[in-house]
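Architecture at a glance
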Amino acid sequence: MKFLYVFLLLIIKEHSALDFEVHTLQNKTIHISQEKLDWYEAISTCEDNGLEMVTIKSKEEDRAIHQVIKDMNSEILIGGFRFDREDIWRWDNDRTALDYTNWDSGEPKQESSDEPRIYCIFMKPSDGHWKSKWCAEEAIFICQNSDENSKDLEI
């Protein structure tokens, strides 16, 4: 019976790994979801798989990720966010402010609402530029190996 339980756990774990398309870039491994989720669910899914939402901290990383997603037909959720009552955009994994950005023209929008909201960064496959949208919007998302795991996988 114990063998059956372990076997079922392995099948479940293997199935969750099938939900991602994996790409090894120069300095990180990214995992692109195969289903659309909102930001909150995307964070949980990344964490459940030992990953974190992707950060893009240089023009080179931005270009490399854009090359992977350029043929997709919908915007891709990445790991940046801001609270609507703040002007600071942060990365989800370490809460640091963005040093590098690739905003589209007119972005980021400075929307505000009566209810507190969180806004997220979406990458456009057509040109790689970033857009700000409400985090409740569902989208394909990108995870990366967490910092402690990515050190072993860097090329």
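Residues numbered from 1 in each chain as written. Predicted model: local features only at pLDDT ≥ 70, side-chain atom pairs only at ≥ 80, totals over all residues. Heavy atoms only, no water.

1. A word on the overall build of the chain
Counting its secondary structure elements, the chain contains four helices and eight strands. Traced from its N-terminal end to its C-terminal end, the chain shows the element sequence α-β-β-α-β-α-β-β-β-β-β-α. Expressed as a percentage of its 155 residues, the buried residues of the chain come to 45%. Considering only residue pairs separated by 6 or more positions, the chain has 69% of its internal contacts joining residues 24 or more positions apart. Just so you have it, the chain exposes about 9100 Å², and 51% of that area is on carbon and sulfur atoms. (Helix = DSSP H or I, 4+ residues; strand = E, 2+ residues; numbered from the N terminus. Buried < 20%, exposed > 50% of the residue type's maximum accessible area, 1.4 Å probe, protein only. Contact = heavy atoms within 4.5 Å. Areas by Shrake-Rupley, 256 points an atom, 1.4 Å probe, with all protein chains shown as cover.)

2. Looking at the state of the cysteines
In the structure shown here, the tally under the stated rule is two disulfides. Each sulfur in the disulfide pair C46 and C143 lies 1.8 Å from the other. Around the S-S axis, the bridge from C46 to C143 shows a dihedral of about -80° and counts as left-handed. Of this pair, C46 sits in helix α2 (residues 39-48) while C143 sits in strand β8 (residues 140-145), and the two are 97 residues apart along the sequence. (Disulfide = S-S within 2.5 Å.)

3. Section: the confidence of the model for the chain
Of the residues in the chain, 82% have a pLDDT of 70 or more, and the chain-wide mean is 84. Below pLDDT 50 for its whole length, residues 1-18 participates in three contacts with residues either more than four positions away or in separate chains. (pLDDT = per-residue confidence, 0-100.)

4. Focus on the pairing of strand β4 (residues 76-83)
Buried residues dominate β4, accounting for seven of its eight residues. As judged from the five bridges shared by β4 and strand β6 (residues 118-123), these two strands associate in the antiparallel manner. The partner of I76 across the bridge, within β6, is M123. The pairing of β4 with β8 spans two bridges and is classified as parallel. Its bridge partner lying in β8, L77 is registered against F141. Where β4 meets strand β5 (residues 90-91), two bridges bridge the pair, whose relative direction is antiparallel. Bridging across to β5, F81 finds its partner in R90. The antiparallel hairpin formed by β4 and β5 contains six residues in its connecting segment. (Pairing = 2+ DSSP bridges.)

5. Focus: the pattern of salt bridges
According to the stated counting rule, one finds eleven salt bridges in the structure shown. Among the salt bridges present, the one from D127 reaches K124, with a minimum N-O distance of 3.4 Å. Taking the relative accessible area as the measure of exposure, D127 reaches 31% and is therefore partly exposed. For K124, a relative accessible area of 14% gives the class buried. Bridged by salt links that share partners, the residues E75, K131, K133 and E137 form one connected network. (Salt bridge = Lys/Arg side-chain N within 4 Å of Asp/Glu carboxyl O.)

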